[in-house]
Amino acid sequence: MSDYVTVTRDGAIAIVTIDNPPVNALSFHLREPLFKALSDARDDASVEGIVLACAGRTFVSGADITEFGSEKALASPNLPELCALLETMPKPAVAAVHGTALGGGLELALSCHYRVADKQAKVGLPEVKLGILPGSGGTVRLPRLTGPEAALKMIVSGTPVGAAQGLSMGIVDAVAEGDLTTEAIAFARSKVAEGGPHIAVRDRDEKLEAARADLSGFDAAAKDLTKKTRGLEAPLACVEAVRNAVTLPFDEALKKERELFVKLVAGDQSRAQRHLFFAEREASKVSGISKEVQPRTVAKVGVIGAGTMGGGIAMSFVNGGIPVTILEMTDEALDRGFATIEKNYAISVSRGSLKEDEKAKRMARFSRTTNYADLADCDLIIEAVFEEMGVKKEVFGKLEAVAKAGAILATNTSYLDVNEIANSTTRPQDVVGLHFFSPANVMKLLEIVRGDQTAPDVLLTALNVGRKIGKVPVVVGVCHGFVGNRMLGARGDDLEPLLLEGAAPEQVDRVFTDFGFPMGPFAMWDLAGLDIGWRNRKSLGKTAVIGDAVCEMGRFGQKTGKGIYLYEEGSRTPKPDPEIAALIETKAKELGIERRAISDEEIIERTLYPMVNEGARILEEKIAARASDIDIVWTNGYGFPIGKGGPMFWAELEGLKKIVEKLDHWHGKTGKAVYEPAPLLRALADSGGSFSGRN
Ligand SMILES: NC(=O)c1ccc[n+]([C@@H]2O[C@H](COP(=O)([O-])OP(=O)(O)OC[C@H]3O[C@@H](n4cnc5c(N)ncnc54)[C@H](O)[C@@H]3O)[C@@H](O)[C@H]2O)c1
C-alpha cells in the first residue's frame with residue numbers, strides 16, 4: 001500500500017488501484033509501489049485474479065513526459081518491466097479502463113490478459129505526436145489484437161478510438177454498461193471460473209498470420225500512411241516497428257522497438273515536438289488574467305462579412321455547436337457566401353468525413369441578415385469585412401449602436417491597428433482582435449490580439465471559446481501584422497533580390513520544402529493570388545520588380561493558370577516557366593545586377609534568419625509573451641515543420657551565434673533593416689543564452 005497504489009479484495013480477486021493525479025501518469029514514484037503490489041498479488045496464493053484500475057478521472061493516460069530524457073524514465077521498475085510482470089501473471093489480469101488509456105497507459109493495459117472498458121473510454125497510442133513511438137510493446141502487442149494494418153493506422157496517426165470501436169477491433173474484450181470496477185471484477189471472476197488457459201497477448205499470433213504470408217498489403221498501407229510525413233522520422237519508425245512485429249519473434253521485435261524508441265527520444269525532432277506540446281499549454285497562461293476573472297458567456301455569435309474569411313469563421317463556430325448570424329451588405333453577397341459554405345460541407349459529405357444529417361444540423365445553426373439590429377442578441381461579433389480602416393470603423397460604429405452591453409466586438413484584421421479600431425468605439429474594453437487564418441474552418445491558429453484596453457475577461461473568453469471551436473489560441477500584442485504576418489514579411493523581404501541575383505523560384509521553393517514547409521514562398525504567392533499584393537503596393541505607392549512585372553503580364557497565380565509558375569489546365573502543380581526565367585534575367589540586366597549561383601544555405605540565411613530576427617524583436621517589444629508562443633503561431637498557422645519545433649526553437653538548434661554572424665554579414669552587404677540583428681538576439685548569442693532560458 002502507498003499513496004499512489006492501493007490494493008483491495010473482492011473475494012479471490014485483488015483490485016490494484018492506481019492513484020496518481022491528475023492523469024495517473026506512470027511516474028517513477030508510482031511505478032515502484034505498483035510493481036510491488038502486482039508482485040505481491042502474483043505471489044499471494046489466495047488471489048486468483050487481478051483487476052488493474054485507476055482512481056480519478058482517467059486510466060493511466062501515459063508516461064510522465066516530464067521524465068523524458070532523464071534517468072528517472074528508465075529507472076527500474078520501468079514500464080517494460082511492469083508490462084512483462086503483468087504479461088507473465090499465472091492468473092488472469094484484467095485492465096479496467098475509464099477515461100483515456102493513452103500511450104504507456106494503453107501499453108500497460110495491453111500487457112494484461114483482458115481489457116474491460118467503460119463505454120465512454122478511449123484508447124490510443126499518440127506517441128507519434130511527440131516524435132517518438134510506443135516504446136513499451138505497443139507496436140508489438142497491438143497488431144496481435146487488431147491485425148497489423150489497423151494497428152499501423154492507429155500508431156501512425158496517433159488518433160485514439162472509442163470503447164465500442166476498440167471492442168470491434170479486438171483491443172477491448174468487453175464494454176461495461178454499468179459500474180466499471182464491478183463489471184471488471186465480474187469479468188475476472190468469470191475468467192477464473194473458466195480456468196484458462198489465459199493467453200498473453202504476446203502469444204496471440206493468429207491475426208499476424210495473413211500479413212506474414214503476404215506483406216504487400218501492409219507495405220502499401222504503410223506507404224499511404226506515411227505519404228505526408230515531410231521528413232518526420234517517427235511515423236517511419238512506427239512502420240518499421242509494426243513490420244518487425246509481423247516478421248520477427250516477439251522478444252526480438254520488442255528489443256528493436258526499444259532501440260527505435262531510445263534513438264527517437266534523444267533526437268532533435270522529438271525534442272522539438274515535445275517543446276511544442278508544452279508550448280501549447282504554456283500559451284494559455286496570459287498575464288493580467290487573475291484567478292478571479294470569469295469568462296463571459298458565448299452562446300450566440302455574429303459574423304460580419306460572408307467572404308473568404310467570414311464564411312470560414314462562421315463555419316468554425318457552427319462546427320463547435322455555436323449558432324451564428326451572418327450579416328452582409330446585400331442579399332446577393334449572402335447568397336454567394338452561403339453557397340460557398342454549403343459547397344464546403346457538401347465536399348466533406350462526399351469525402352465521407354461528415355454525415356448528411358450532420359450537415360443539415362450545421363446548416364440549421366446559421367441565420368442570415370442584412371440588418372444590424374439582428375445582431376442585438378449576439379455575445380460575440382466578429383467583423384471580417386474589407387481590410388480598410390474606414391470600413392472597419394464604420395462597421396464598429398453600427399455595431400456598438402446595436403450590440404448588447406457586454407458583447408465582445410472582435411476584428412479579424414490582418415494588419416490594421418486594433419487600438420485605433422477600439423478607440424473609435426465607446427467600449428474599447430470589449431474590443432479584441434481575433435485573427436483567424438485561411439481557410440478559417442480548417443486552420444488551427446487563432447491570434448488573439450490584445451488591445452491596450454481589452455478587458456481581462458474578454459481575453460479569457462476569447463481563449464476559452466477559441467479552444468472550444470478547436471483552435472490553438474495565442475495572445476499577441478498590437479503591431480503591424482501581429483506575430484505571424486510580421487515575421488512572414490521579414491521572411492519575404494529579400495526574396496526578389498535572391499531571384500535577381502541568380503536563384504530560380506523553384507530552387508527557393510525546393511529549399512523550403514526540403515526544410516519541411518508544405519510549400520515554398522513563390523508557390524504560396526501563386527496560391528494566394530499575386531494581384532492582392534500588387535493592389536496593396538499600388539495603394540501604398542510601393543513597387544516590386546518581379547511581382548509587379550508578373551502582374552502586368554496578367555499572371556495572377558493559380559487562378560489565372562499562370563503566375564510565378566505555370567499551371568496546366570485543372571492542375572495545382574507549379575511548373576517552372578521559361579518566360580519567368582527570361583523575365584528575371586532581363587530585369588537583372590536592366591538593374592545591372594550580375595547573376596551568380598546562389599547556394600541553398602544562402603537562401604536559408606536570407607529568408608529564415610531575418611524571420612528569427614524579427615521574432616526576437618517581437619519578444620523585445622513584448623508583442624509575444626514567450627518565444628514558444630511564436631513557435632505555436634508558426635507551426636499552426638504557417639506550416640513551419642513541427643519536427644523543427646517552430647522558428648525560435650529551430651534558431652537555437654541552428655545556433656544563435658551563427659545566425660547573428662550571418663545577419664551581420666548580410667546587413668553589411670545589403671544595408672537592409674531586416675538583417676540588423678535585434679539587440680536581444682545579439683545579447684543571447686554573445687552570452688550563450690537561449691530564448692527559453694529568458695522565461
Ligand atoms: N483572406 C485571408 O487570407 C485573410 C486571413 C486573415 C485575415 N483576413 C482579414 O479578414 C478580413 C476579410 O478578408 P476576406 O479575405 O474574407 O475578404 P473578402 O473580400 O473575401 O470578404 C469581405 C466581405 O465583407 C463584405 N463586406 C464589406 N464591407 C462590408 C460592410 N460594411 N458590411 C458588411 N459586409 C461587408 C463583402 O461583401 C465581402 O463579402 C480582412 O480584414 C482581411 O485582412 C484575411
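Parameters and conventions
Residues numbered from 1 in each chain as written. Predicted model: local features only at pLDDT ≥ 70, side-chain atom pairs only at ≥ 80, totals over all residues. Heavy atoms only, no water. Helix = DSSP H or I, 4+ residues; strand = E, 2+ residues; numbered from the N terminus. Near = heavy atom within 4 Å. Polar contact = N/O pair within 3.5 Å; in protein donor to acceptor, adjacent residues only side chain to side chain. Areas by Shrake-Rupley, 256 points an atom, 1.4 Å probe, with all protein chains shown as cover. Axes fitted to C-alpha atoms, helices over the stretch in contact; angles between N-to-C directions. Parallel < 35°, antiparallel > 145°, perpendicular 65-115°, else oblique. Left-handed = near helix turned anticlockwise from the far one by under 90°. Contact = heavy atoms within 4.5 Å. Nonpolar A, V, L, I, M, F, W, Y, C, P; charged D, E, K, R; others polar.

K.L.:
Would you take a moment to explain unusual backbone geometry for this structure?
P.N.:
Outside of glycine, negative phi angles account for most residues, and trans bonds account for most peptide bonds. At the junction of P21 and P22, the peptide bond is cis and its omega measures out at 0° in the coordinates. Inspection of the secondary structure puts P22 in the loop between β2 (13–18) and α1 (28–43). Residue P77 is bonded to the preceding S76 through a cis peptide linkage, with omega at 0°. Here P77 is to be found in the loop between α2 (71–74) and α3 (79–87). Even without a glycine there, the phi angle at N24 is positive, about 55°.

K.L.:
I would appreciate a short explanation of the site of the ligand in the present structure.
P.N.:
Around the ligand, the structure places 23 residues, and the nearest of them are M309, E328, E387, K392 and S414. With respect to the ligand, the side chain of E328 contributes an N or O atom lying 2.5 Å from an oxygen atom. In isolation the ligand has 830 Å² of accessible area, and contact with the protein removes 79% of it. Counting residues per element, the ones that place at least two in the shell around the ligand are α14 (308–319), α17 (389–402) and β15 (431–436). Here the element with the most residues in the shell around the ligand is α17; it accounts for three residues.

K.L.:
Mind showing me how you'd approach the packing of α14 against helix α15 (residues 331–351) here?
P.N.:
Working note: a packed helix pair is described by the angle between its axes plus the distance between those axes. With their axes 10 Å apart at the nearest point, α14 and α15 run at an angle of 55° to one another. Compared by their axis directions, α14 and α15 come out oblique. Along this stretch, α14 crosses α15, giving a crossing that reads as right-handed. Contacts between α14 and α15 pair G311, M315, V318 and N319 from the former with I341, N344 and Y345 from the latter. Here the residues of the contact of α14 with α15 are counted per class, giving four nonpolar, three polar and no charged.

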